[in-house]
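The residues making up each chain are set out below.
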Amino acid sequence: MKNKSWLLMVLVFWSCEQTYTPKQRGYNRLDLPEHSYKALPDSLPYQFQISTAAKILRDSSYIAERYWIDIYYPNIVANVQLTYKSLNHNEQLLKELVNDAYKLTSKHQIKAYAINETIVTTPSGKTAVVAELEGEVPSQLQFFITDSTENFLRGALYFRSSTKNDSLSPAIEYIKMDIIHLLNTLEWKEPNSLQH
């Protein structure tokens, strides 16, 4: 019994002499490339420049329409969903689409700490509404832009990740710059100029 207690005391003293260093909290490392851009394909009723780090995918949802696309960032696992509607001078349709855009943004109020809305005027004189959502929301940025007579384009940013939004903030800011560039380079095409 004496030997066992002596061994126990040696083990206790020996274990107390080792230093323990706790691991620091880790965060995801995002290697974001420099911003560079390329033009969209000509088969869409709108034209703008997208990031060379992104790919264009057709919207695969069951409600998708012909000119709906996803701007997919494979290295960040994020996408900007774009939905397009032709207005054909229909003021009622324009009102419905604007109301829907605001409704879709406000659905995030349950989890959002704040929704900051900004009106952006592009170099070519177009006006867009950009909403930045703070908090643990599924969509951190939403926007729409229209010429009020012929075209309406709405976008929403989504990350396919369970990572908290505060850790995603560098990626959110990166894509936000790309979205502002998209809005600043947006041009509407004439309906008869589309290739089929």
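One structure accompanies this document, and this report is about it. (Residues numbered from 1 in each chain as written. Predicted model: local features only at pLDDT ≥ 70, side-chain atom pairs only at ≥ 80, totals over all residues. Heavy atoms only, no water.)

### Points about the nonpolar core
Logical step 1: Of all hydrophobic cores here, the largest spans 34 residues; its most connected members are Y46, F48 and I175.
Logical step 2: Sorting the residues of this core by element identifies β5 (69-73), β6 (78-86), β8 (127-135), β9 (139-146), β10 (151-159) and α3 (165-185) as the ones contributing at least two each.
Logical step 3: Ranked by residues supplied to this core, first place goes to α3 with eight residues.
Logical step 4: L87, L94, L97 and F152 belong to the second largest nonpolar core, which has seven residues in total. (Core = buried A, V, L, I, M, F, W, Y, C linked by side-chain atoms within 4.5 Å. Buried < 20%, exposed > 50% of the residue type's maximum accessible area, 1.4 Å probe, protein only. Helix = DSSP H or I, 4+ residues; strand = E, 2+ residues; numbered from the N terminus.)

### Section: the pairing of strand β7 (residues 112-121)
Logical step 1: Where β7 lies against β8, nine bridges are found, and the strand directions are antiparallel. Bridge pairing in β8 links E117 to A131.
Logical step 2: Here β7 hands over to β8 after five residues, with G125 in that stretch at a positive phi of 90 degrees. (Pairing = 2+ DSSP bridges.)

### Structural notes on the side chain of Q47
Logical step 1: Position of Q47 among the secondary structure elements: in strand β2 (residues 46-47).
Logical step 2: A distance of 3.2 Å separates the side chain of Q47 from the backbone oxygen of L40, its partner in a polar contact.
Logical step 3: Once residues lying within four places of it in the same chain are set aside, the contact partners of Q47 are A39, L40, P41, D42, T185, L186, E187 and K189. (Polar contact = N/O pair within 3.5 Å; in protein donor to acceptor, adjacent residues only side chain to side chain. Contact = heavy atoms within 4.5 Å.)

### A closer look at unusual backbone geometry
Logical step 1: The residue V77 is not glycine, and still its phi comes out positive at about 55 degrees.
Logical step 2: When you line up the elements, V77 lands in the loop between β5 and β6.
Logical step 3: Of the residues examined, V77 reaches a relative accessible area of 32% and is grouped as partly exposed.
Logical step 4: Non-glycine residue S148 carries a positive phi angle of around 70 degrees.
Logical step 5: Within the element layout of this structure, S148 appears in the loop between β9 and β10.
Logical step 6: With a relative accessible area of 40%, S148 lands in the partly exposed category.

### Structural notes on the side chain of D59
Logical step 1: Along the chain, D59 falls in the loop between β4 (55-58) and β5.
Logical step 2: Buried D59, no salt bridge; nearest opposite-charge side chain is R160, N-O distance 8.3 Å.
Logical step 3: One polar contact links the side chain of D59 to the main-chain amide nitrogen of S61, over a distance of 2.8 Å.
Logical step 4: When sequence neighbours within four positions are dropped, the list of residues in contact with D59 reads A64, W68, I69 and D70. (Lys, Arg positive; Asp, Glu negative; His and termini not counted. Salt bridge = Lys/Arg side-chain N within 4 Å of Asp/Glu carboxyl O.)

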